[in-house]
Amino acid sequence: MTKNSVLKGVFLVGLGATSYGMLATFVKLAYQENFTTAEVTSSQFILGIIGILIINAFQKFNKKEDVLKASNKNIFHLMLAGTSLGMTSVFYYLCVKYIDVSIAIVLLMQTVWMGVLAEMILDKKLPSSQKIISVVIVLIGTVLATNLMNNQTQIDWRGIMWGMLAAASFTTTMFTASRIATNISSAQRSLYMLLGGAIIVFGFSIATQNTPFNFDIFLKWGIVLSLFGTIIPPMLMNAGFPITGIGLGSIVSSLELPVSVMMAFFILHEDVILIQWIGILLIILAIVIMNIKFPRKV
């Protein structure tokens, strides 16, 4: 695999993670307008599926050669894998409901060590010292970037539980994005994974929505949430993770943390102190270290 292809994968995953990092702020704003978790997730997935269908149709008619179609086996595996995508959205949005965005993103960032651990188990090989160092730096940077040490407020245990579940399901999503049906287009893979995720989201909505559904969510927040939650990240990550692998991909996906902090600073007007910016720089440093190939000793 050439350096250019790896850099392309890093760029795609990083851009997808950046988009995903914006979600928590948008969800918080939707909650402030009294929209429910069921309304937020349902609008996101419905509009997301419509958007991916349009992209698939455009690719089909735009390309001169035939686009490789997914087999029934591919579709089943992708929809099954997509259930983790739906669970990530539900768990993460429930997490944001009970605790601050800064704490929620810390919990979601546990995908860093979960991803490296998953790669170690699946590939049956120990991670390199370079990868271990990068993970440690990312975790230290995560604590600093969210000002976790100076946060004196009591954290709701429900938020912690949902946050850890979101991290675990997101790690599963990253694994499936790098291993399943990589021979078909990312648009097709995203579509079938979204359809699988929609089963979880709609089931959750039916079970929890005990008030009339507020359809205003579609125009107010649904379009934004679908773009940055179900269209851009899956498309880019499905294209990038097969190139980077789950270990490197999980490190690069940590970019969503500084993006979340900056969104909180500019949109929610939260105070971001110097120690938090230092944490963001540490995370960027870890990503650089992860991608540098040091000369081997002869």
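Residues numbered from 1 in each chain as written. Predicted model: local features only at pLDDT ≥ 70, side-chain atom pairs only at ≥ 80, totals over all residues. Heavy atoms only, no water.

Honestly, the overall build of the protein chain in this entry has me stumped. Any pointers?
In terms of helices and strands, the protein chain carries twelve helices and zero strands. Sequence-ordered secondary structure for the protein chain, helices as α and strands as β, is α-α-α-α-α-α-α-α-α-α-α-α. In terms of overall size, the protein chain behaves like a compact globule, its C-alpha atoms giving a radius of gyration of 19 Å where 298 residues would be expected to give roughly 19 Å. When its C-alpha atoms are laid out on the principal axes, the protein chain stretches across 65 × 55 × 30 Å. Sorting the 298 residues of the protein chain into buried and exposed places 52% on the buried side. Contacts spanning at least 24 positions in sequence make up 90% of the contacts within the protein chain whose residues lie at least 6 apart. The average position of the 19 basic charges and that of the 12 acidic charges among the side chains of the protein chain differ by 16 Å. (Helix = DSSP H or I, 4+ residues; strand = E, 2+ residues; numbered from the N terminus. Rg over C-alpha atoms; globule rule 2.2 N^0.38 Å. Buried < 20%, exposed > 50% of the residue type's maximum accessible area, 1.4 Å probe, protein only. Contact = heavy atoms within 4.5 Å. Lys, Arg positive; Asp, Glu negative; His and termini not counted. Charge placed at Lys NZ, Arg CZ, Asp CG, Glu CD.)

Got a minute to help me understand the packing of helix H4 (residues 72-98) against helix H5 (residues 101-108) in this structure?
When two helices pack together, their arrangement is given by the angle between their axes and by how far apart the axes lie. For the pair H4 and H5, interaxial distance at closest approach is 8 Å and the crossing angle is 145°. For H4 against H5, the interelement crossing comes out right-handed. Between H4, through Tyr92, Cys95 and Val96, and H5, the contact on the second element is made entirely by Val101, Ala104, Ile105, Leu107 and Leu108. Classifying every residue of the contact of H4 with H5 gives eight nonpolar, no polar and no charged. (Axes fitted to C-alpha atoms, helices over the stretch in contact; angles between N-to-C directions. Left-handed = near helix turned anticlockwise from the far one by under 90°. Nonpolar A, V, L, I, M, F, W, Y, C, P; charged D, E, K, R; others polar.)

Sorry if this is basic, but what is going on with a nonpolar patch on the surface here?
On the surface, Trp113, Leu117, Ile121, Leu122, Ile155, Ile160 and Met164 cluster together into a nonpolar patch covering about 560 Å² of accessible area. When residues of the nonpolar patch are traced back to their parent elements, those giving at least two are helix H6 (111-123) and helix H8 (157-179). Here the nonpolar patch takes four residues from H6, the largest share from any one element. Following the sequence through the fold, tryptophan 113 ends up in helix H6. Among the residues examined, tryptophan 113 registers a relative accessible area of 34% and is labelled partly exposed. (Patch = residues over 30% accessible without salt bridge, like charges linked within 9 Å, V, L, I, M, F, W, Y side chains within 5 Å. Areas by Shrake-Rupley, 256 points an atom, 1.4 Å probe, with all protein chains shown as cover. Salt bridge = Lys/Arg side-chain N within 4 Å of Asp/Glu carboxyl O.)

Would you take a moment to explain the nonpolar core for this structure?
Side chains that are nonpolar tend, in soluble globular proteins, to be buried together. In terms of nonpolar packing, the biggest core is built from 70 residues, with Val40, Tyr92, Val96 and Trp221 touching the most fellow members. Sorting elements by how many residues they give to this core places helix H10 (residues 217-252) first, with eleven residues. Excluding its chain neighbours within four sequence positions, the residues that come into contact with tryptophan 221 are Phe26, Leu29, Ala30, Glu33 and Phe35. Core analysis: the next-biggest nonpolar cluster, separate from the first, contains nine residues, Ile75, Ala81, Ile180 and Ile184 among them. (Core = buried A, V, L, I, M, F, W, Y, C linked by side-chain atoms within 4.5 Å.)

Explain the confidence of the model for the protein chain to me, please; I cannot follow it from the model alone.
When pLDDT is low, close inspection of the predicted coordinates is not appropriate. Averaged over all residues, the pLDDT of the protein chain equals 84, while 91% of them reach at least 70. Per-residue pLDDT, averaged within each element of the protein chain, yields its smallest value for helix H12 (residues 274-291) (80) and its largest for helix H2 (residues 23-32) (93). (pLDDT = per-residue confidence, 0-100.)

Would you mind going over the packing of aromatic side chains with me for this structure?
What describes a pair of aromatic rings is the distance from one ring centre to the other and the angle between the planes of the rings. All chains considered together, the criterion is met by eleven aromatic pairs. On the basis of an interplanar angle of 20° and a centroid distance of 6.3 Å, the ring pair of tyrosine 20 and tyrosine 92 is categorised as stacked. Linking tyrosine 20 in helix H1 (residues 3-21) with tyrosine 92 in helix H4, this pair joins segments that are 72 residues apart in sequence. Ring centres 4.9 Å apart and planes at 80° place the aromatic pair phenylalanine 265 and phenylalanine 266 in the edge-to-face group. On the basis of relative accessible area, phenylalanine 265 is assigned to the partly exposed category, the value being 32%. Take phenylalanine 266: its relative accessible area is 55%, and that puts it in the exposed class. Joined through ring pairs, the aromatic side chains of Tyr20, Tyr92, Tyr93 and Phe170 make up one cluster. (Phe/Tyr/Trp six-rings, centres within 6.5 Å; stacked < 30°, edge-to-face > 60°.)

Just checking my understanding: could you explain the environment of leucine 85 for this structure?
Checked against the element boundaries, leucine 85 lands in helix H4. We classify leucine 85 as buried; its relative accessible area is 9%. C-alpha of leucine 85 to C-alpha of proline 234: the two residues are 149 residues apart in sequence and 9.0 Å apart in space. If we ignore the near neighbours within four places in the chain, the residues touching leucine 85 are Phe45, Thr173, Met193, Leu194 and Pro234.

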